[in-house]
Amino acid sequence: MRTLLLLGLIAASASASGLSPRRAPALVSRLRGAGAEGEGIALVPKAPSTAFGASAAVPQTRMLVRGGAKAVVGAPSKIGGFDLVLFLYFAFWYLGNYYYTLNNKLALNAAGGKTGFPMTVAFLQLVIGSVYGLFLWLAPDARKAPTVTVADIKKLLPLALCFAGAHASSVFSMGAGAVSFTQIVKAAEPAFAALLGVTLYGKTVSKAKWLSLIPVIGGVCLASVKELDFAWSALITAMIANLFAAFRSNENKRIMDTPGLKERIGSVGNQFAITMILGAFWLLPVFLLTEASKWSEFVQIFKTSMPLKSNLITSAIYFYLYNELSTLTIKKTSATTQSVANTAKRVIVIVGVAIVLGESLDPMKMLGCFIGIAGVFLYSLVK
């Protein structure tokens, strides 16, 4: 729970468009209150930077008077060229993703596993995340609410549909098979994004990028051959998740290029909150058609199963927070740094969750994982 609290404090203390000196809470002070060290630093990034000391403007900070401490204005957020703030973003993004994946699987297992309630779990995760997003708008000095119009909401509906579809499909896949297998298949998302970008969005993809997709697809196939917990339902739903995710990426770019919409939304954090709320509405009819008839059965399990209660709620919050922290991280880094970070994150999640859950780490499966993820990394670097 302390990890969840720390993630919440970091995400709530930051706007995805930057930490405002007027509205941002004291990040490190809050961390100290949760058990971490700090003296109440409220961070105000002014320009992109990297965690590895690349040339960039140093973010401004201010120190709040706390327990008699003197206020210090303009204290650097870098120590010897090391961006501590960005490091925290990376660390808690990874941690949130790991714990979401783990707790999500534990919640699915507690709810009956393959024959349980995957749509109910996916729907409730979006509902809980939506409540948290609304809380941030209503809480004093947490986050300024967007000023979107009904027309803006209509434009965001396709993005929300893709988001909800990707989330629900991923949850189904993790419930049907091994988490590590789902993550390996989801590594092939760039192949779907490239195909959709060319066919539906008028984008161009270089020959080098097409060639780099060969190891991605080959790695997924190799990992599937030696998957002990292989299930066609896990493979198919993971591929559907990739399809929705590819649409989401292209829709997100289209939305951000709409004149005036970005300003009315206010921040990327607000966009994610709106997308999650609309996504919950999209999943509602699907839930009603599929698992609503078994709602009383789910409620009985929920009442008696502490693993289901705790893991459902925490996985929903982790899902919201790690997505927002990943956005904050991406806004402060270069494309190359993002590629390295995403590659490392996927490896950590696959191996870490597999070890904790006792899933297969067959050498052939891990070789396929390595080849596939290396292909994704190559794809992100080539022009």
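Nothing here was measured: the structure is a model prediction, and the numbers come from that model.

Reading guide: rules and limits
- Residues numbered from 1 in each chain as written.
- Predicted model: local features only at pLDDT ≥ 70, side-chain atom pairs only at ≥ 80, totals over all residues.
- Heavy atoms only, no water.
- Helix = DSSP H or I, 4+ residues; strand = E, 2+ residues; numbered from the N terminus.
- Buried < 20%, exposed > 50% of the residue type's maximum accessible area, 1.4 Å probe, protein only.
- Contact = heavy atoms within 4.5 Å.
- Areas by Shrake-Rupley, 256 points an atom, 1.4 Å probe, with all protein chains shown as cover.
- pLDDT = per-residue confidence, 0-100.
- Core = buried A, V, L, I, M, F, W, Y, C linked by side-chain atoms within 4.5 Å.
- Salt bridge = Lys/Arg side-chain N within 4 Å of Asp/Glu carboxyl O.
- Expected span 1.5 Å × (residues − 1).
- Bend = angle between axes of the 7 residues up to and from the residue.
- Phe/Tyr/Trp six-rings, centres within 6.5 Å; stacked < 30°, edge-to-face > 60°.
- Lys NZ or Arg CZ within 6 Å of the ring centre and 35° of its normal.

Counting its secondary structure elements, the chain contains 15 helices and four strands. Out of the 383 residues belonging to the chain, those deemed buried represent 51%. The long-range share in the chain, meaning contacts at least 24 apart out of those at least 6 apart in sequence, stands at 79%. By element, 69% of the accessible surface of the chain is carried by carbon and sulfur atoms, the whole surface being about 17200 Å².

Mean pLDDT for the chain: 75, with 72% of residues reaching 70 or above. Confidence drops under pLDDT 50 across residues 15-75; counting only partners more than four residues distant or on other chains, this segment forms 127 contacts.

Attention shifts here to the nonpolar core. Grouped together as the largest cluster of nonpolar side chains are 60 residues, with contacts concentrated most on Leu126, Leu283 and Tyr320. If one sorts the elements of this core by residue count, helix H3 (residues 84-110) sits on top with 13 residues. Within the second largest apolar cluster, 22 residues are counted, among which are Ala176, Val220, Ala231 and Ile373.

The next point concerns the environment of Leu278. Of note, Leu278 is situated in helix H11 (residues 268-290). C-alpha separation for the pair Leu278 and Leu156, spaced 122 residues apart in sequence, amounts to 8.2 Å. Excluding its chain neighbours within four sequence positions, the residues that come into contact with Leu278 are Ile153, Leu156, Leu157 and Ala160.

So, on to the pattern of salt bridges. Counted according to the given criterion, the structure contains two salt bridges. Ionic pairing is found between Arg143 and Glu324, a salt bridge with its closest N-O pair at 2.1 Å. Of the two residues, Arg143 is situated in the loop between helix H4 (118-138) and helix H5 (150-176) and Glu324 in helix H13 (residues 306-331); the sequence distance between them amounts to 181 residues. Residue classification places Glu324 among the buried residues on the basis of a relative accessible area of 1%. Between Asp152 and Arg264 there is a salt bridge; the shortest N-O distance is 2.6 Å. Note that Asp152 is positioned in helix H5 and Arg264 in helix H10 (residues 261-265), a separation of 112 residues in sequence.

Taking 1.5 Å of rise per residue, 23 residues should cover 33 Å, and H11 covers 32 Å from first to last C-alpha, within 8% of that figure. Along H11, the sharpest change in direction is near 30° and occurs at Leu283; proline Pro285 comes one to four residues later.

Another point: the packing of aromatic side chains. With the rule as written, the count across this model stands at 17 aromatic pairs. With 6.4 Å between their ring centres and 85° between their planes, Phe90 and Tyr94 make a pair best called edge-to-face. Placement of both Phe90 and Tyr94 in helix H3 is noted, with a separation of four residues, approximately one turn of the helix. Accessibility assignment for this pair places Phe90 and Tyr94 in one class, buried. Taking the centre distance of 5.2 Å and the plane angle of 75° together, the rings of Tyr98 and Tyr99 count as edge-to-face. Residue classification places Tyr98 among the buried positions, given a relative accessible area of 16%. Lys294 extends its terminal NZ or CZ atom over the ring of Phe117, reaching a point 4.8 Å from the ring centre.

Quick look at H4 now. In this model, H4 (21 residues) spans 31 Å end to end at C-alpha, consistent with the 30 Å of a helix rising 1.5 Å per residue. When you tally the buried positions in H4, you get 15 out of 21 residues, the bulk of the element.

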